[in-house]
Amino acid sequence: MSLQMISAASNSSLLQPGFSLLNFDGHVFFFGQKGWPKRSCPTGVFLLDIKQNELKMKPAFFSNDSCYLPPLRYPAVCMLSGNAESDDYQYIIHGGKTPNNDLSDKIYIMSLVSKNSKKTTFQCVEKDLDGDIPEARYGHTINVVHSRGKTMSVIFGGRSYTPLAQRNTEKWNSVVDCLPSVFLVDFEFGCCMSYILPELQDGLSFHVSVARNDTVYILGGHSLQNNTRSPSLYKLKVDLPLGSPAVTCTILPGGVSVSSAIVTQTSDTEFVLVGGYQSDNQKRLVCNTIILEGNKIEIVERASPDWTPDIKHCRMWFGSDMGKGSVLLGIPGANKQLISDANYFYILTCKGVKEDKEEELTGQICSQTSTEDPGHSTTFEDSEEFCAEANSFDVDEADTYNEDDEEDESETGYWITCSASCNIDINTWVPFYSTELNKPAMILCSSGASHWVHAQCMNLSESMLLHLSEANVKYFCNEHIDLNKGLQTPKKVIHLKKQAMKSLRKKTTMKLTTPVKKSFLRRLFE
């Protein structure tokens with residue numbers, strides 16, 4: 001196991017406890033930022049670009065047929081593989097906390113549509129379910145099981161708010177453990193079923209779960225009711241016959257008392273358990289290897305990485321699985337930093353048991369036989385010459401997201417009271433136009449010093465909104481349209497040019513062909 005510190009850009013404040021990482025074709029994407037997304041990345045999904053131990057975040061995009069996906073922290077996330085003939089896979093996202101501390105009960109399926117060096121596009125679909133739908137929650141797990149040629153998802157644990165009937169003013173936002181029910185979700189038919197098992201007595205949250213074939217193993221977790229971290233190891237076996245599914249639970253010995261731990265998969269049968277807490281104010285610095293072979297599970301302690309003093313002495317840490325045996329860890333930054341909520345980040349690379357032994361043996365052989373003069377060794381990839389050449393091809397610098405370039409839109413941006421009849425509320429707003437994702441569409445009123453108004457409050461149709469956004473015309477809101485008409489400068493009227501009287505007399509005199517007395521002409525023009 002190797003631990004490498006990485007430097008993050010100024011937007012590292014988005015990475016707070018509760019975020020999730022999604023691995024698509026070896027590329028890691030961040031989801032679940034702190035706060036609502038801003039204009040530079042309205043989706044709230046970022047590509048984590050790590051080069052030369054420097055972390056950069058590049059915005060990702062959603063396709064036009066995607067649904068709205070809020071930034072959710074502490075959701076349940078798992079990978080859903082396609083059929084055996086295809087390498088395509090998706091991610092299932094359930095529950096979690098929104099930036100308003102509301103809990104979600106929705107299930108989203110996220111898939112990769114296209115990716116190139118400049119742009120990554122996802123499709124997000126909200127799945128409609130019937131039956132015993134799990135209540136809104138966070139800190140739970142979801143896993144995919146396969147049995148008899150069928151596939152289902154298993155949801156367990158988590159926390160939710162106290163029911164409305166039991167709330168009071170002192171503990172309005174207090175949370176409780178969800179009931180220890182096991183939910184089976186069939187995405188093909190969109191139905192949910194719940195099971196109450198006698199072996200599961202207490203609700204658990206922030207536990208760890210791993211799945212293989214038709215079995216899910218649950219270990220650790222914290223119980224609010226008892227304020228304990230369960231040392232039990234639960235084995236959930238799911239049978240999917242032609243009729244109703246069956247779920248059984250068995251309590252096994254050899255569990256781990258830990259909460260908020262991270263699991264990463266290193267091979268088809270091996271997982272690594274990292275981090276977490278063994279008590280309320282004590283981190284768990286021990287690592288374990290979880291081996292799943294057949295119908296058996298084995299949890300053994302393994303050599304821990306060389307933790308830095310900052311990691312050892314900090315009170316809290318957090319992170320997420322990057323996939324393929326890597327974990328992104330974060331610890332709070334020092335108070336002396338200019339950015340108060342900045343964090344330090346590390347990448348922990350885990351390997352399987354066999355690879356660890358081979359690496360240890362290779363290290364011993366190299367230490368005994370290496371007599372080469374370091375001054376005559378070949379050039380390393382991190383030398384100045386190689387870095388200069390590599391930096392010359394880094395053309396995506398302008399696409400890197402920088403939160404410092406954004407203004408605070410929570411007060412002065414989209415959620416303003418644009419007019420006397422404005423009914424846009426950040427807590428109740430839902431997308432109205434097809435072009436909206438997570439912010440209401442706005443249009444600039446050209447009256448006076450100009451100001452922004454919500455298109456929905458102005459009763460603009462979608463076709464008119466698109467026309468105004470494309471056409472180079474001024475727009476006036478409902479409150480200033482009459483004032484604009486009253487102050488409008490009258491259009492310039494082109495008058496016919498009148499000829500002078502002297503010129504008219506001259507022309508008329510020249511046209512006379514018969515002799516006329518001067519007195520007659522004088523009376524004619526007088």
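Residues numbered from 1 in each chain as written. Predicted model: local features only at pLDDT ≥ 70, side-chain atom pairs only at ≥ 80, totals over all residues. Heavy atoms only, no water.

1. Regarding the overall build of the protein
Counting its regular elements, the protein contains eight helices and 34 strands. Intrachain contacts of the protein at a sequence separation of at least 6 include 55% that bridge at least 24 residues. As presented, the protein carries roughly 30500 Å² of accessible surface, and 51% of it is formed by carbon and sulfur atoms. (Helix = DSSP H or I, 4+ residues; strand = E, 2+ residues; numbered from the N terminus. Contact = heavy atoms within 4.5 Å. Areas by Shrake-Rupley, 256 points an atom, 1.4 Å probe, with all protein chains shown as cover.)

2. A short note on the confidence of the model for the protein
With 75% of its residues at a pLDDT of 70 or more, the protein has an overall mean of 79. For the stretch residues 335-340, pLDDT sits under 50, and the model shows three contacts to residues farther than four places along the chain or on other chains. Counted against residues more than four places away or in other chains, residues 360-401, with its pLDDT under 50, gives 30 contacts. (pLDDT = per-residue confidence, 0-100.)

3. As for the UniProt feature "binding site: Zn(2+)" (unreviewed entry) in the protein
Within this structure's numbering, the places UniProt gives as "binding site: Zn(2+)" (unreviewed entry) are Cys418, Cys422, Cys445, His451, His454, Cys457, Cys477 and His480. Note on placement: Cys418 falls in the loop between helix H4 (409-412) and strand S33 (442-445). With a relative accessible area of 9%, Cys418 lands in the buried category. Along the chain, the position of His451 falls in strand S34 (residues 451-454). Its relative accessible area of 23% is what places His451 among the partly exposed residues. With sequence-adjacent residues up to four places away left out, His451 is seen in contact with Cys418, Ile443, Leu444, Cys445, Cys477 and His480. (UniProt positions renumbered as here; feature names shortened; annotations may be inferred. Buried < 20%, exposed > 50% of the residue type's maximum accessible area, 1.4 Å probe, protein only.)

4. So, the sheet that holds strand S24 (residues 262-265)
Strands sit in the order S24-S25-S28-S29 across an open sheet of four strands; the sheet is antiparallel. Edge positions in the sheet fall to S24 and strand S29 (296-302), since each of these pairs with one other strand and no more. Across the sheet, the mean angle separating the axes of adjacent strands is 25° when strand polarity is ignored. Pairing of strand S25 (residues 270-274) with strand S28 (residues 287-293) involves four bridges; the strand directions are antiparallel. Bridged to Leu273 within S28 is Asn288. (Pairing = 2+ DSSP bridges. Axes fitted to C-alpha atoms, helices over the stretch in contact; angles between N-to-C directions.)

5. Thoughts on the sheet that holds strand S32 (residues 343-349)
Read across the sheet, eight strands follow the order S2-S3-S4-S5-S1-S32-S31-S30 without closing on themselves; strand pairing throughout is mixed. Only two strands of the sheet have a single neighbouring strand rather than two, namely strand S2 (20-24) and strand S30 (318-323). Put simply, the sheet's adjacent strands are angled 35° from each other on average, direction ignored. Bridging between strand S31 (residues 326-332) and S32 involves seven bridges; their strand directions are antiparallel. Directly across from Val327, in S32, lies its bridge partner Leu348.

6. Points about the packing of aromatic side chains
Enumeration over the complete set of coordinates arrives at 15 aromatic pairs. Centroid distance Phe19 to Phe30: 5.6 Å. Interplanar angle 45°. Geometry classified as tilted. With Phe19 in the loop between strand S1 (2-8) and S2 and Phe30 in strand S3 (residues 27-31), this pair connects stretches of sequence that are 11 residues apart. As far as the burial class goes, Phe19 and Phe30 line up, both buried. Taken together, the aromatic side chains of Phe19, Phe30, Phe46, Phe318 and Phe345 make up a single cluster linked through ring pairs. Taking NZ or CZ as reference, Lys119 lies 5.1 Å from the ring centre of Phe61, over its face. Positioned above the aromatic ring of Trp317, the side-chain terminus of Lys283 is 5.8 Å from the ring centre. (Phe/Tyr/Trp six-rings, centres within 6.5 Å; stacked < 30°, edge-to-face > 60°. Lys NZ or Arg CZ within 6 Å of the ring centre and 35° of its normal.)

7. Concerning the pattern of salt bridges
With the rule as written, the count across this model stands at seven salt bridges. Residues Lys106 and Glu126 are paired through a salt bridge, measuring 3.3 Å at the closest nitrogen-oxygen approach. Of this pair, Lys106 sits in the loop between strand S8 (89-94) and strand S9 (107-115) while Glu126 sits in strand S10 (residues 120-127); the two residues are 20 residues apart in sequence, bridging distant segments of the chain. With relative accessibility at 34%, the residue Lys106 sits in the partly exposed group. Take Glu126: its relative accessible area is 32%, and that puts it in the partly exposed class. With a shortest N-O distance of 3.1 Å, Asp280 and Arg229 are connected by a salt bridge. With a gap of 51 residues between them, Asp280 in the loop between strand S26 (277-279) and strand S27 (282-283) and Arg229 in strand S21 (residues 228-229) connect regions that are remote in the sequence. The exposure class assigned to Asp280 is exposed, which follows from its relative accessible area of 53%. (Salt bridge = Lys/Arg side-chain N within 4 Å of Asp/Glu carboxyl O.)

8. Brief notes about the pairing of strand S18 (residues 208-212)
A regular strand places its side chains so that they alternate between the two faces of the sheet. As paired elements, S18 and strand S19 (residues 215-219) share five bridges and run antiparallel to each other. Within S19, the residue paired with Ser209 across the bridge is Ile218. Hairpin connection from S18 to S19: two residues lie between these consecutive antiparallel strands, with Asn213 at a positive phi of about 60°.

9. Focus: the side chain of Gln33
In this fold, Gln33 is placed in the loop between S3 and strand S4 (45-51). What makes Gln33 buried here is its relative accessible area of 4%. A polar contact is formed between the side chain of Gln33 and the backbone oxygen of Gly35, at a distance of 3.2 Å. Polar side-chain contacts of Gln33 include one of 3.2 Å to the backbone oxygen of Trp36. (Polar contact = N/O pair within 3.5 Å; in protein donor to acceptor, adjacent residues only side chain to side chain.)

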